[in-house]
Amino acid sequence: MYGQQTMDVVILCGGKGSRLRPLVSDRPKSMACLRGRPFLEWQLLALQAKGFFHVVLCTGYMKESIRSYFGEGERVGLQISYSEEYEARGTGGALKQAVSHLHADSALVLNGDSWCDVDVHRLVQFHESHEAKGTLTLTTVAQPQRYGQVALGRHGEIERFCEKEETRSCGRINAGIYVLSYELLAAIPSETHVSLEYDVFPNWVGKGLYGYEGAHRFFDIGTPTSYIQAEREFEDVFQGLSVEHHV
């Protein structure tokens, strides 16, 4: 257990999960169950165990099911706020809408359909020591074709994002956990639909965007294949968490 963290956390969990429909069709993607609990609940329990206190859930598709399950956060020991979309705005648009719920100079931002076991305290220290505007957690996977790769400079600055079709072998990918400064968050365009990955991050290359890399174990639940794999690798990634330890 860590001391309480003052940094806000934002989880982007508004997606429909169209590719996951053959296995999970009655709930938002982030509420797909692993080991008897929604994936989002495991994320929240892991954040609580790391000392975080306030989480903003960016909800959209079937948002009522998420709010009715978590309420104000009592069941996971967190204070939960909601930023609800009434039309799809993309990952960047959802994050822009959530800015009014944030209180600190930067925020920890996660995708609601993936997780890696990065030491978030070292991630934040890296971000602060480099005076970064944004820091992306990076990890290496055997088949990066689904994700695209990230090219780094010698000091950890991001130099380029490679398209998915450019990847051929083992590669460094964006693991979907970020520390983003208020300056970057405030600069996200206010258009109806904005993607962090395609519309925001590429525009910050050379302007204080860094990659924090390591051998972080990573999985996502975006497809039937990766969802089944996540079930197999659960203990490796969500270390120290079990159903018995939480009411």
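## Points about the overall build of the protein chain
Point 1. The secondary structure content of the protein chain amounts to 8 helices and 13 strands.
Point 2. Burial statistics for the protein chain: of 247 residues in total, 55% are counted as buried.
Point 3. The contacts in the protein chain between residues at least 6 apart in sequence include a share of 74% that link residues at least 24 apart.
Point 4. Total accessible area computed for the protein chain in this model is approximately 11,500 Å², and 48% of it derives from carbon and sulfur atoms.

## Describing the environment of H103
Point 1. The residue H103 is located in the loop between helix 3 (90-98) and strand 6 (106-111) in this model.
Point 2. The exposure class of H103 is exposed, given its relative accessible area of 66%.
Point 3. Sequence separation between H103 and D8 is 95 residues, and the spatial gap between their C-alpha atoms is 7.0 Å.
Point 4. Contact partners of H103, with chain neighbours within four places excluded, come to D8 and H54.
Point 5. Within polar-contact distance, the side chain of H103 engages the backbone oxygen of H101 at 3.4 Å.

## What about the packing of aromatic side chains?
Point 1. Scanning all chains against the criterion turns up 6 aromatic pairs.
Point 2. Taking the centre distance of 4.8 Å and the plane angle of 75 degrees together, the rings of Y69 and F70 count as edge-to-face.
Point 3. In this structure F70 comes out as buried when scored by relative accessible area, which is 2%.
Point 4. Between the aromatic rings of F126 and Y210, the centroid separation amounts to 6.3 Å while the plane-to-plane angle is 75 degrees, which identifies the pairing as edge-to-face. You can see F126 sitting in helix 4 (residues 120-129) and its partner Y210 sitting in strand 12 (residues 209-213), a full 84 residues away along the chain.

## A word on the state of the cysteines
Point 1. Within this structure, the stated rule accounts for 0 disulfides.
Point 2. Of all cysteine sulfurs, the one in C58 lies closest to C13, which takes part in no disulfide; the gap is 6.8 Å.
Point 3. With a relative accessible area of 3%, C13 lands in the buried category.

## With respect to the confidence of the model for the protein chain
Point 1. Residues with a pLDDT of 70 or more make up 88% of the protein chain, whose mean pLDDT is 86.
Point 2. Long-range and interchain partners of residues 242-247, a stretch whose pLDDT sits below 50, account for 10 contacts in this model, where long-range means more than four residues apart.

## Let's talk about helix 3
Point 1. Of all 9 residues in helix 3, 7 are buried; the element is thus mostly enclosed.
Point 2. For helix 3, the complete set of buried residues consists of G90, G92, G93, A94, L95, K96 and A98.

## Comments concerning the environment of A46
Point 1. For A46, the location among the structural elements is in helix 1 (residues 39-49).
Point 2. On the accessibility criterion, A46 (8% relative accessible area) is buried.
Point 3. Residues A46 and D117, spaced 71 residues apart in sequence, show a C-alpha to C-alpha distance of 9.6 Å.

Each value, and the rule that gives it
Residues numbered from 1 in each chain as written. Predicted model: local features only at pLDDT ≥ 70, side-chain atom pairs only at ≥ 80, totals over all residues. Heavy atoms only, no water. Helix = DSSP H or I, 4+ residues; strand = E, 2+ residues; numbered from the N terminus. Buried < 20%, exposed > 50% of the residue type's maximum accessible area, 1.4 Å probe, protein only. Contact = heavy atoms within 4.5 Å. Areas by Shrake-Rupley, 256 points an atom, 1.4 Å probe, with all protein chains shown as cover. Polar contact = N/O pair within 3.5 Å; in protein donor to acceptor, adjacent residues only side chain to side chain. Phe/Tyr/Trp six-rings, centres within 6.5 Å; stacked < 30°, edge-to-face > 60°. Disulfide = S-S within 2.5 Å. pLDDT = per-residue confidence, 0-100.

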